[in-house]
Amino acid sequence: MSHPQRYPADISESGADRPPVVALRAVEMVFARHARALAPTELTIRSGEFASLIGPSGCGKSTLLKLAARLHEPSAGQVEWWGGDFRRVGEAGRRLAFVFQDPTLMPWADVASNVRLPLDLRRVPRAEASERVAAALRQVGLADRHAERPHRLSGGMRMRVSIARALVTDPDLLLMDEPFGALDEFTRDRLDEDLLALAAQRQLTTLFVTHSIGEAAFLSSRVLVMASGPGRIFAEYPVPDPFPRDEAYRLGSRYAEHCRCLSRLLHEASRSGEVRA
Amino acid sequence: MMALPRILAPALVGVLLLALWQAGCVAWHVPPYIFPAPSAIAASLWQNLGALLHALRSTMAVTLTALALAVLAGTAISFLFVQSRAIEASLMPYAVMLQVTPIVAVAPLIIILVKDTFWSLVLCAAVIALFPVISNTTLGLRSVDPGLLAFFRMNKAGRWQTLWRLRVPSALPFFLAGLRVAAGLALVGAVVAEFVAGTGGRSAGLAYEILQASFQLDIPRMFAALVLITLAGIALTLATAGLSRRMLRGREPDA
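Residues numbered from 1 in each chain as written. Chains lettered and ligands numbered in written order. Predicted model: local features only at pLDDT ≥ 70, side-chain atom pairs only at ≥ 80, totals over all residues. Heavy atoms only, no water.

A. Just the environment of Ala224 of chain B, in detail. All names here are of chain B. Locating Ala224 in the fold gives a position in helix 10 (residues 219–247). Between the alpha carbons of Ala224 and Ala157 there is a distance of 57 Å; along the sequence they are 67 residues apart. Residues in contact with Ala224, not counting those within four places in the same chain, are Ile41, Ser44, Leu45 and Leu52. (Helix = DSSP H or I, 4+ residues; strand = E, 2+ residues; numbered from the N terminus. Contact = heavy atoms within 4.5 Å.)

B. Spotlight on the environment of Pro20 of chain A. Relative to the assigned elements, Pro20 of chain A resides in strand 2 (residues 20–30). Residue contacts for Pro20 of chain A: discarding those within four places in its chain leaves Thr44, Ile45, Arg46, Trp82 and Gly83 of chain A.

C. Quick look at the pairing of strand 8 (residues 205–210) of chain A. Residues and elements named next belong to chain A. Strand 8 sits mainly inside the fold: six of its six residues count as buried. The alternating pattern of strand 8 places Thr205, Leu207 and Val209 and Thr206, Phe208 and Thr210 on opposite faces, both of which are buried. Note that strand 4 (residues 50–54) and strand 8 share five bridges and pair parallel. Bridge pairing links Leu53 to Val209 in strand 8. Relative to strand 8, strand 7 (residues 173–177) runs parallel, the two sharing five bridges. Looking across to strand 8, one finds that Leu175 is bridged to Leu207. Handedness of the β-α-β unit built from strand 7, helix 5 (residues 185–202) and strand 8 comes out right-handed. (Buried < 20%, exposed > 50% of the residue type's maximum accessible area, 1.4 Å probe, protein only. Pairing = 2+ DSSP bridges. Right-handed = clockwise from strand over helix to strand, strands pointing away.)

Quick look at the structure:
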């Protein structure tokens, strides 16, 4: 099953007329001496959408995300950013930001310096940089913690710093690799809500990897269910409910229905893959 | 609360041991030319304080100069090593060779080759202090959080930006650990070199004092010089530990 199956089939793709931000064209990934990590895959993420990748571990979610970020070069196929085929990670690369699984903060630098890092690397003048850092920290609710070292913060706060560092460059595209996977459920729910608010406010396009069905259903306008052996997109599941979504949405029946459908899809996806230890 | 037992406990043990030593020497009438009592050592230290302090200054000058030299050369070599695996692979065996060859065996050669006594001693001590600086700093410069490295790469950081903003701060704890070992080794190297040079009568350090005292069977004076070497070693350890704490302040304790 190399072509993604639509589910439910009668829901029309929303926002199909919007310009593509990232497009993976017949992208394939083979790691040396290992099984094929990713079968030839087609995927287009359009402006303003919040797409999630969900699937069993080892299905190539993170690989797909890193290919989209061009942290890896694909074994075959092409990655297009903003409609053009950039051969190199040039100016286009500056319009995206990546949030890793871990906060990946510099332990020797305070919160403000950590957030300022991408601006420093771009040689943004000090005064302007400080202003933007303060604004980014305000947005993630950490304005009063700017002078703290990362190890004094909780896991959730460190992740907020990491998000502030991603936002400080004012990106159009946000790529997130299971950013809240290591956090407790309560903290994760709060961060999910704040992330949605930020994405709406900044009109971000987001590609989000998660292993949580609930998180994918809550955040996404579209969920891509992946299967393994080899990694591929098994199904595409639109979540057409309007934004903003809040705690009330999470308690509603629509959300529960999406979770149920996604759970069923995920089971089908894991059965379709080769048997793995 | 925590500091008091940490200082008090070993001090108490020290006092106890000294008391036992003193009592033993008195009880069994051990002659001072065989094994002097702490009181005899203290007396000798006081009597010969001028000469011994002069010797201490000389040894410390060699130690600190050698340490500075080892740090400068060691970090420079480490920076060279991390530029490419090929450079490291071709030069590392020679650094290891320098490390595994006993300094006692090389010291006479260095002392013959280098005319100036001070610099020949410095060279001996630097050679043995060099390796921990190289190995730790190289390891540190390579031990960069892969996530942060990917972040730097995504943000198109240049080679120098990555070095100064990422590799050097990441390497700092490793370097400081290396410095602590190197400081101790520099002292060992200085003393060993003085012994070798001292047999040729060309030195004025604490090791020379020990040699002279042993020739004259002035055993308390020998011990007094030994006490000063130990104190110098403790001072070096405390100084490097303090420096390390100061420079790593604000970081995670075990980072």
